[in-house]
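Here is how the chains run, residue by residue.
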Amino acid sequence: MKNYEQIFILKPSLSADEIATKVASIQEAIKNNGGEILGFRDMGMRRLAYKIDRQTRGYYGVFYFKSETSIIIELERLLRVSEDVLKFMTVAYETKLEIKAFNEMVEIANGKKVEEKRISGRTFREDDYDDDRA
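Residues numbered from 1 in each chain as written. Predicted model: local features only at pLDDT ≥ 70, side-chain atom pairs only at ≥ 80, totals over all residues. Heavy atoms only, no water.

A. Quick peek at the packing of aromatic side chains. Inspection of the entire model under this criterion finds 6 aromatic pairs. For the ring pair Tyr64 and Phe102, a centre distance of 5.9 Å and an interplane angle of 75 degrees mean the geometry is edge-to-face. With Tyr64 in strand β3 (residues 55-67) and Phe102 in helix α3 (residues 96-109), this pair connects stretches of sequence that are 38 residues apart. The residues Tyr64 and Phe102 share a single accessibility class, namely buried. Each residue in the set Phe8, Phe40 and Phe63 is aromatic and connected to the rest through ring pairs, giving one cluster. (Phe/Tyr/Trp six-rings, centres within 6.5 Å; stacked < 30°, edge-to-face > 60°. Helix = DSSP H or I, 4+ residues; strand = E, 2+ residues; numbered from the N terminus. Buried < 20%, exposed > 50% of the residue type's maximum accessible area, 1.4 Å probe, protein only.)

B. Layout of helix α2 (residues 70-81). Burial in α2 covers these residues: Ile71, Ile72, Leu75, Glu76 and Leu79. Projected onto a plane normal to the axis of α2, the buried residues spread over an arc of 130 degrees and lie on a single side. Those residues of α2 that are exposed and aimed more than 90 degrees away from the buried face are Ser70, Ile73, Arg80 and Val81. Close packing links the buried residues of α2 with β1 (2-10), α1 (16-32), β3 and β4 (85-93). (Arc of directions from axis to C-beta. Contact = heavy atoms within 4.5 Å.)

C. Highlighting the sheet that holds β1. Spatial ordering of the open sheet is given by β2-β3-β1-β4, a layout of 4 strands whose pairing is antiparallel. Looking at strand neighbours, the two that pair on one side only are β2 (36-52) and β4, the edges of this open sheet. When strand polarity is set aside, the average angle formed by the axes of neighbouring strands in this sheet is 20 degrees. Judged from the 8 bridges that link them, β1 and β4 form a sheet pairing that is antiparallel. Within the sheet, the bridge partner assigned to Ile7 lies in β4 and is Met89. Docked against the sheet, α1 engages β1, β2, β3 and β4, running at close to 25 degrees with respect to β3. Of the strands in this sheet, β1, β3 and β4 touch α2, which is tilted by about 165 degrees from β4. (Pairing = 2+ DSSP bridges. Axes fitted to C-alpha atoms, helices over the stretch in contact; angles between N-to-C directions.)

D. How the structure looks around the pairing of β2. Relative to β3, β2 is paired through 11 bridges, and the arrangement is antiparallel. Note on β3: the bridge partner recorded for Met45 is Tyr59. Taking the residues that link successive antiparallel strands as the turn, the β2-β3 hairpin has 2 residues, and the phi of Asp53 there is positive, at about 50 degrees.

E. Layout of the pattern of salt bridges. The tally for this structure, following the rule as stated, stands at 2 salt bridges. For Arg77, the salt bridge identified is with Glu74, shortest N-O distance 2.8 Å. Taken as a pair, Arg77 and Glu74 lie in helix α2 at a separation of 3 residues, close to a single helical turn. Judged by relative accessible area, which is 39%, Arg77 ranks as partly exposed. (Salt bridge = Lys/Arg side-chain N within 4 Å of Asp/Glu carboxyl O.)

F. Molecular detail of the side chain of Lys22. With respect to the secondary-structure elements, Lys22 resides in helix α1. As a buried residue without a salt bridge, Lys22 has its nearest oppositely charged side chain in Asp84, at a separation of 4.7 Å. In terms of polar contacts, Lys22 uses its side chain to reach the side chain of Ser82, at 2.7 Å. Excluding residues that lie within four positions of it along the chain, Lys22 makes contacts with Leu10, Ser82, Asp84 and Val85. (Lys, Arg positive; Asp, Glu negative; His and termini not counted. Polar contact = N/O pair within 3.5 Å; in protein donor to acceptor, adjacent residues only side chain to side chain.)

G. The arrangement of the nonpolar core in detail. Grouped together as the largest cluster of nonpolar side chains are 17 residues, with contacts concentrated most on Phe8, Leu10, Ile26, Phe63, Phe65 and Leu75. Sequence-distant contacts of Ile26, defined by excluding residues within four places in its chain, comprise Phe8, Phe63, Leu75 and Leu79. (Core = buried A, V, L, I, M, F, W, Y, C linked by side-chain atoms within 4.5 Å.)

Set out below in structure tokens:
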């Protein structure tokens, strides 16, 4: 089984209940096809880097899971036919270095580790700064 990261962006017009339902359906698709979900990261509503279908915002979510390669085709097919999904991307982690980074992202998603960001050679932890500051 390989390690995968499934990133998706949902339409901003969805209600909180509709978003929860869509996230649950993606989770079920992974589980029903033999995948093991290791973590989920709710990144919330964010501004898009560029317009997608005339949308400037979207709901971002990331699933971290282990599965056989064969389920990726079915998972991507389900995401492709959904009208609520603006974009998605599946990333496979294979090398030792990639798997180490994957495991750190799973720990961050599960709240076991605080995310750090590097800016100009300095390291900042996610809880070191407040996003509400202008």
